[in-house]
Amino acid sequence: MLPYNAIFKTLLLSVFSVPLCSFAQQRDTIRYSLILTGNIKGEKKVIETSPGTFETWYQYNDRGRGDSLHTIYRQDNEGFPTYVRAVGKDYYKKPISEDFLLADGVAKWKNTAENETQAVSGKAFYVCLNGESGNIIKAMKANQNKVKLLPFGEASMEVVLQHKVGDRQLQLCKISGLSYTPEYIWADDHDETFGYIGDWFAMVPKGYETYVKELLAEQKKIERQQDNRLAKEIPETVAGNILIRNVTLFDAEKARLLPRTDVLIREGKIREVSVGKAIKAKADRIVDGSGQTLLPGFWDMHVHLGDGPEGIMHVAAGVTHVRDMGNDTTLLDLRKEIDNGELIGPHLEVISGLIDGAGPMAAPTGILINNVEEGKRFIRMFADKGYDQIKFYSSIKPEWLKPLIAEAKKYHMRVCGHIPAFMTAAKAIDAGYDEVTHMNMLLLNFFGDTIDTRTPQRFAIPAQRAASLDLNSPQVKQFIALMKARNIASDPTLVAFEPMLTGREGVLEEKNKDIITHFPLQVQRSMRAGGQGIPVPPGMDSTYIQSFAAFLKLTKLLYDNGIRIVAGTDGTAGFDYQRELELYVKAGIPAEKVLQLATFGTAVYTGKSKDLGSIKAGKTADMVLVAGDPVKNISNVRKTKLVIKNGVIYDPAKLYKAISVVPF
């Protein structure tokens, strides 16, 4: 899997619709290309059927997934929506619909999460959950760059750049108040939306695809200014001693708590750790650790790191180290910017070179190959650039795997990934895998080698069959013995599958129940909509829920048999990591052991335990302070109060406020 920002996608469809008047005469059909990591994957069509009334069709294909929506909406002369009717399917191909009507000062709307009526005084812009509505750029310009939102909240806009592409004069509009960070939208000089440009997803009028890189580069300059400013303002560098007093220390090497501990830090290193006896050294910065627990910094072992809010979200959650599992080569520059203090983010400890077979179901990023020799050439390229491991994806042909792995081993690179289509995990391990990515890929091992893992079958089959799998069967025992004998690690990413198998429309997911009020209002609304799961066939609702329970049971079984578990998410930075740890405890792994595998265990696995992974004199000052006792209640890892990375102090409250999240 690769990250898919469902919340932002909802916002994109909801408020950045594209009226026609500046693109063509009325009633002409206008087409837009939907571009995923540089490849055209879909199309949007728009027609103005009558003045102020628009009909749109939107669809794209992301490895068998992707939204497909048909929307009719009306807007007033300032771009505010007055009517919306949207039907279609969501990213996982589940049916969705949405209706909105504003008349006589009363707004009514119904969607998968809401069925509400609200009196409206003055102007208000309705933000859809599923469809699209109105022209927020025009609405902003008509109302001093600020609008009230429906169902709640307020958004503001600032034009931050003028830029010309071809014959089109464009303006870059920064819109705040919708999600974690400002959203950037390109509009033309008539205040009509031109498109959206992002790292993973872009939408531009057909014929303008060649300008995506240019526009993204210009937009990045603006985004970097904001990111660089935060990187100067938020971190706190202390010239002298930092002394943390009277804290409960989590000894990650022995998985135990040490009360009444003092920790002295200077010049980025831990100078002294004293249990039960106060350190008498003078300090330039004293931190009172009473009632709090000090842990080593966490490691998220499955990210696809981007800039913007992600780095901030990781650090605010105490995630100070990450492993990137597939990205483009700009990742090397991103690592330098983070390490140089130009951006806030975790240190990229491990970088994976992602390789997949070319074809319609190929991974949306990384290198695509047509034969073994191409693959070997790119493995050498990744090795030359300093990548640490190779990750293979689902379109690699099974017969390619062994020679490609042999090539990677020549350069001392570890190998992990998805299980290629029509292959089992056991065969991938026999070919030389060091680690299997995602719990579904392990479960698929027990259902034969006829499964096309390039398609959503890799989700549907475990959802339908894991519930009935006998985890005490000789087949399962034999496979676990193979993993243990070959020292194979598991990257379960349970948090990626929990909503997929247990999420239901209109039901707040369990992982969000205790934290939802901390998020920006539109993010809260999307959370309350639920429904982020895959389609559930009739009569299989309980089966899907029981199958996720089997995911948890297999994770515990791996742990009990000494299989290395590395905590990773493949999801929302920070917040999903905390949920991943909660799920390990829910699976039955003791909380102290979960905290150990998330810190010292991962440092050992990556060969970094000499300097990282535990709080001991001589090691790098890399730690997170949380309120309460996370051994008694693992959810206390969410209550971060202070993060120290390489001796630099970060206040999570300031980090969260910078991305419109209420501190914990």
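Note that this is a predicted model, so its numbers are computed, not measured.

A.B. asks: For this particular structure, what's the right way to read the nonpolar core?
C.D. replies: As a rule of thumb, soluble globular proteins bury nonpolar side chains together. F298, I355 and F392 are the most contacted members of the largest nonpolar core, which has 160 residues in total. The element best represented in this core is helix α14 (residues 541–560), accounting for seven residues. For F392, the contacting residues outside a window of four places in its chain are I355, I379, L401, L404, I405, V415, C416, G417, H418 and Y433. One finds V238, I615, M623 and L642 within the second-largest nonpolar core, a separate group that totals 18 residues.

A.B. asks: I would appreciate a short explanation of the pattern of salt bridges in the present structure.
C.D. replies: Any two side chains of opposite charge can pair, given that their charged atoms come close. Taken as a whole, this structure holds 41 salt bridges when the rule is applied. Residue R31 is joined to E43 by a salt bridge in which the shortest nitrogen-to-oxygen separation is 3.3 Å. With a gap of 12 residues between them, R31 in strand β1 (residues 30–36) and E43 in strand β2 (residues 39–50) connect regions that are remote in the sequence. By relative accessible area, which is 23% here, E43 ends up partly exposed. The salt bridge partner of D449 is K427, with a shortest N-O separation of 2.9 Å. With D449 in the loop between α9 (439–443) and α10 (457–465) and K427 in helix α8 (residues 425–431), this pair connects stretches of sequence that are 22 residues apart. The class for D449 is partly exposed, based on a relative accessible area of 33%. Connected through shared salt-bridge partners, E498, E510, R579, E582, K586 and R638 make up one network.

A.B. asks: Whenever I open this one, helix α7 (residues 398–410) confuses me. Can you help?
C.D. replies: Given 3.6 residues per helical turn, the α-helix brings residues three or four places apart onto the same face. All of the buried residues in α7 are W400, L401, L404, I405, E407 and A408. Buried residues of α7, seen end-on, are gathered within an arc of 160° and therefore sit on one face of the element. Those residues of α7 that are exposed and angled more than 90 degrees off the buried face are E399, K402 and K410. Looking at the buried residues of α7, the elements they touch are β23 (347–357), β24 (367–369), α6 (372–384), β25 (389–392), β26 (414–417) and α8. Just beyond α7, the residue with positive phi is H412, at close to 60°.

A.B. asks: Got a minute to help me understand the packing of aromatic side chains in this structure?
C.D. replies: Aromatic ring pairs are described here by two measures, namely the spacing of the ring centres and the angle between the planes. As enumerated under the stated definition, the model contains 20 aromatic pairs in all. Their ring planes at 55° and their centres at 6.0 Å tell us that F80 and F125 sit as a pair that is tilted. In this pair, F80 sits in the loop between β4 (68–75) and β5 (81–89) while F125 sits in strand β9 (residues 125–126), placing the two residues 45 residues apart along the sequence. Judged by relative accessible area, which is 2%, F80 ranks as buried. Overall, F125 belongs to the buried group, its relative accessible area being 0%. Ring geometry for F575 versus Y656: centroids 5.7 Å apart, planes at 25°, classification stacked. Of this pair, F575 sits in helix α15 (residues 575–587) while Y656 is found in helix α18 (residues 652–658), placing the two residues 81 residues apart along the sequence. Side by side, F575 and Y656 carry an identical accessibility label, which is buried. Between the NZ or CZ atom of K45 and the centre of the ring of W57, over which it lies, the distance is 5.2 Å. Directly above the ring of F378 sits R377, whose terminal nitrogen or CZ lies 5.3 Å from the centroid.

Reading the values: the criteria
Residues numbered from 1 in each chain as written. Predicted model: local features only at pLDDT ≥ 70, side-chain atom pairs only at ≥ 80, totals over all residues. Heavy atoms only, no water. Core = buried A, V, L, I, M, F, W, Y, C linked by side-chain atoms within 4.5 Å. Buried < 20%, exposed > 50% of the residue type's maximum accessible area, 1.4 Å probe, protein only. Helix = DSSP H or I, 4+ residues; strand = E, 2+ residues; numbered from the N terminus. Contact = heavy atoms within 4.5 Å. Salt bridge = Lys/Arg side-chain N within 4 Å of Asp/Glu carboxyl O. Arc of directions from axis to C-beta. Phe/Tyr/Trp six-rings, centres within 6.5 Å; stacked < 30°, edge-to-face > 60°. Lys NZ or Arg CZ within 6 Å of the ring centre and 35° of its normal.

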